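Below, each chain spelled out in residue letters.
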Amino acid sequence: MGQHEVLVTGMGALTPLGASAGEAWEGLLAGRSGIRALGGTWPEDLPVRIAGEVTVDPAEPLGRAHARKLDRTEQLAVLAAREAWQDAGAPEVDPDRLAVVVGTGIGGVLSALGQDDVFETSGLRRLSPFAVPMLMPNGPAAWVSMDLQARAGARAPVSACASGAESIALGLDLIRAGRADVVVAGGTEACVHPFMVAAFAQMKALSVQTGDPAAVSRPFDVDRNGFVIAEGAALVVLERADHARARRARVYGKVAGAAVNSSADHISASDARGQVLAMRSALRDAGLAASDIGLVHAHATSTPGGDVAEAEAVNEVLGDGVPVTATKSMTGHMLGASGAFGAMAALLALHHGVAPAVRNLATLDPKVELDVVRGANREGRFDAALANSFGFGGHNVSLILTA
């Protein structure tokens, strides 16, 4: 018996570009930036004072009473899942055949820090009884499973910035293995906080560029100097092909293959060798050749070393003639949500026949020997795309998506 084909029938997202997947896609095509200056009570002595924040207060659509039980990471995941589910047509499926896979890189750090402040200043009695469920990294998957009544599992990959992409890879595996008919998969993150910004700044990972916040995230540009932290959630509905076709579902595309590996080399540095292996393994899993790939969605966070390592890896696997897009130039780096959003952007590019141009790419780094889409969106027929996602800890994920 052959493997089940896995289709994408729904999408949902809350990002710095908008409160839905559709708004985010429109923002990408318009070349709009979601990066803003952080005002209010943001500490004056931090070297970074910009970030990408979602455009709505997630507590409003959830209702304040319910939202108080959830960390912001969980709130974003639930809302993105609801949008994806409705976008898929709210498929009728046995709850025992419906699974959830929602990854996060950090988890409920806002709640952990906030509740610690409460404990230190006001004592035990003022702590929220939901403090533990709010800080658990598996909390987003758990809340989404309860919201959708999914009983085939609530998985929670935690692989830093590759978490969202790994969630889609795991969802693919669950359907192929016959353990689920439908899987809601993706990633979520909400950690725009002075402590997290200070910690990333101490690693020299964040850009300290001043001036227009919208011009700071510049993947592959010769003047890039770090990423811009952002928050968001992106989830897709994965569905067994015959299940989707039986209900005549609208289909965005297919998850044709995936690969997950570990570089086992350095806790935070990029590893081109591990990335090459992930891309080649994903192609093999999809039964495709390098020449079949018409578009790459790069991880490309705008760090000096990371962008070059990925460029070298993509060049080794695919050569320099495949169009490459990099949407973190507009959203910033949504960490655990970024890989799922990248897969979503790649699928929409296949679906609509247009790849978004990379924003802020004034001068291509001469070390980046790739056909990076810049200046204007690239129209054309893309039959297959490769979406990369890499994370601290040596986590490498490559997804193969087809129209």
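Computed from a predicted structure; not experimentally measured.

On to the nonpolar core, then. Ranked by internal contacts, the top residues of the largest apolar core, which has 50 residues, are Met11, Ile168, Val183, Leu238, Met344 and Leu399. Per-element tally for this core: the top contributor is helix α14 (residues 338–352), with 10 residues. Contacts of Val183, omitting those with residues within four sequence positions, involve Ala99, Val101, Gly171, Leu174, Ile175, Val236, Val237 and Leu238. Within the second largest apolar cluster, 30 residues are counted, among which are Ala67, Ala77, Ala84 and Trp85.

Of all 10 residues that make up helix α7 (residues 139–148), seven are buried, and the element is covered over most of its length. Every buried residue belonging to α7 is among Gly139, Pro140, Ala141, Trp143, Val144, Ser145 and Leu148, and all of these are buried. Of the surrounding secondary structure, the elements contacted by the buried residues of α7 are α3 (64–67), α4 (72–87), β4 (98–103), α6 (131–135), β5 (154–155) and β6 (182–189). Within two residues after α7, Gln149 carries a phi angle of roughly 55°, on the positive side.

What follows is about the pattern of salt bridges. One pass over the structure, following the stated rule, counts 20 salt bridges. Between Asp221 and Arg218 there is a salt bridge; the shortest N-O distance is 3.2 Å. Judged by its relative accessible area of 1%, Asp221 falls in the buried class. Where salt bridges share partners, they join Arg97, Asp181, Arg240 and Asp242 into one cluster.

The strand order β5-β4-β6-β7-β1-β8-β15-β14-β9-β10-β12 describes an open sheet built from 11 strands, whose pairing is mixed. Looking at which strands have only one partner, the edges of the open sheet turn out to be β5 and β12 (371–372). Packing against the sheet, α7 makes contact with β4, β5 and β6, and its axis sits at approximately 150° to β4. Set on the sheet, helix α11 (residues 272–286) makes contact with β8 (253–262), β14 (384–391) and β15 (395–402); between it and β8 the angle comes to about 145°.

Okay, the pairing of β8 next. When strand β1 (residues 6–14) meets β8, the two strands line up antiparallel, connected through two bridges. Counted as the bridge partner of Val8 is Gly253 from β8. Strand direction decides the pairing type here: β8 and β15, joined by eight bridges, are antiparallel. Paired with Asn261 across the strands is Asn396, a residue of β15.

Moving on, we get to unusual backbone geometry. With a phi angle near 55°, Ala160 is a residue other than glycine that sits in the positive phi range. Structurally, the position occupied by Ala160 is in the loop between β5 and α8 (163–176). A positive phi angle, close to 30°, is found at Ala300, a residue other than glycine. Mapped onto the secondary structure, Ala300 falls in the loop between β9 (295–297) and α12 (304–318). When its relative accessible area of 1% is taken as the criterion, Ala300 is described as buried.

For the chain, mean pLDDT is 97; residues scoring 70 or higher make up 100% of the total. Averaged pLDDT values over the elements of the chain bottom out at 95 in helix α9 (residues 194–202) and peak at 99 in strand β7 (residues 232–240).

Turning our eyes to something else, we now look at the environment of Pro43. Inspection of the secondary structure assignment puts Pro43 in the loop between β2 (35–37) and β3 (50–52). Taking the C-alpha atoms as reference points, Pro43 and Asp57, 14 residues apart in sequence, are found 22 Å from one another. In contact with Pro43, other than residues within four places in its own chain, are Arg49 and Pro194.

In this section: the packing of α8 against α14. In contact at an axis separation of 4 Å, α8 and α14 are set at 65° when each is read in the N-to-C sense. As summarised for this structure, α8 and α14 are arranged roughly perpendicular, according to the angle between their axes. Residues Gly164, Ala165 and Ile168 of α8 lie in contact with α14, whose contacting residues are Gly339, Ala340 and Ala343. A per-class count over the contact of α8 with α14 returns four nonpolar, two polar and no charged.

Let us look at the packing of α11 against α12. Two elements in contact, α11 and α12, have axes whose closest approach is 9 Å; the angle formed by their N-to-C orientations is 40°. Compared by their axis directions, α11 and α12 come out oblique. The handedness of the crossing between α11 and α12 comes out as right-handed. Across from Ala272, Gln275, Val276, Met279, Arg280 and Leu283 in α11, the residues of α12 making contact are Ala309, Glu310, Glu312, Ala313, Val314, Glu316, Val317 and Leu318. A per-class count over the contact of α11 with α12 returns nine nonpolar, one polar and four charged.

About the criteria used
Residues numbered from 1 in each chain as written. Predicted model: local features only at pLDDT ≥ 70, side-chain atom pairs only at ≥ 80, totals over all residues. Heavy atoms only, no water. Core = buried A, V, L, I, M, F, W, Y, C linked by side-chain atoms within 4.5 Å. Buried < 20%, exposed > 50% of the residue type's maximum accessible area, 1.4 Å probe, protein only. Helix = DSSP H or I, 4+ residues; strand = E, 2+ residues; numbered from the N terminus. Contact = heavy atoms within 4.5 Å. Salt bridge = Lys/Arg side-chain N within 4 Å of Asp/Glu carboxyl O. Pairing = 2+ DSSP bridges. Axes fitted to C-alpha atoms, helices over the stretch in contact; angles between N-to-C directions. pLDDT = per-residue confidence, 0-100. Parallel < 35°, antiparallel > 145°, perpendicular 65-115°, else oblique. Nonpolar A, V, L, I, M, F, W, Y, C, P; charged D, E, K, R; others polar. Left-handed = near helix turned anticlockwise from the far one by under 90°.

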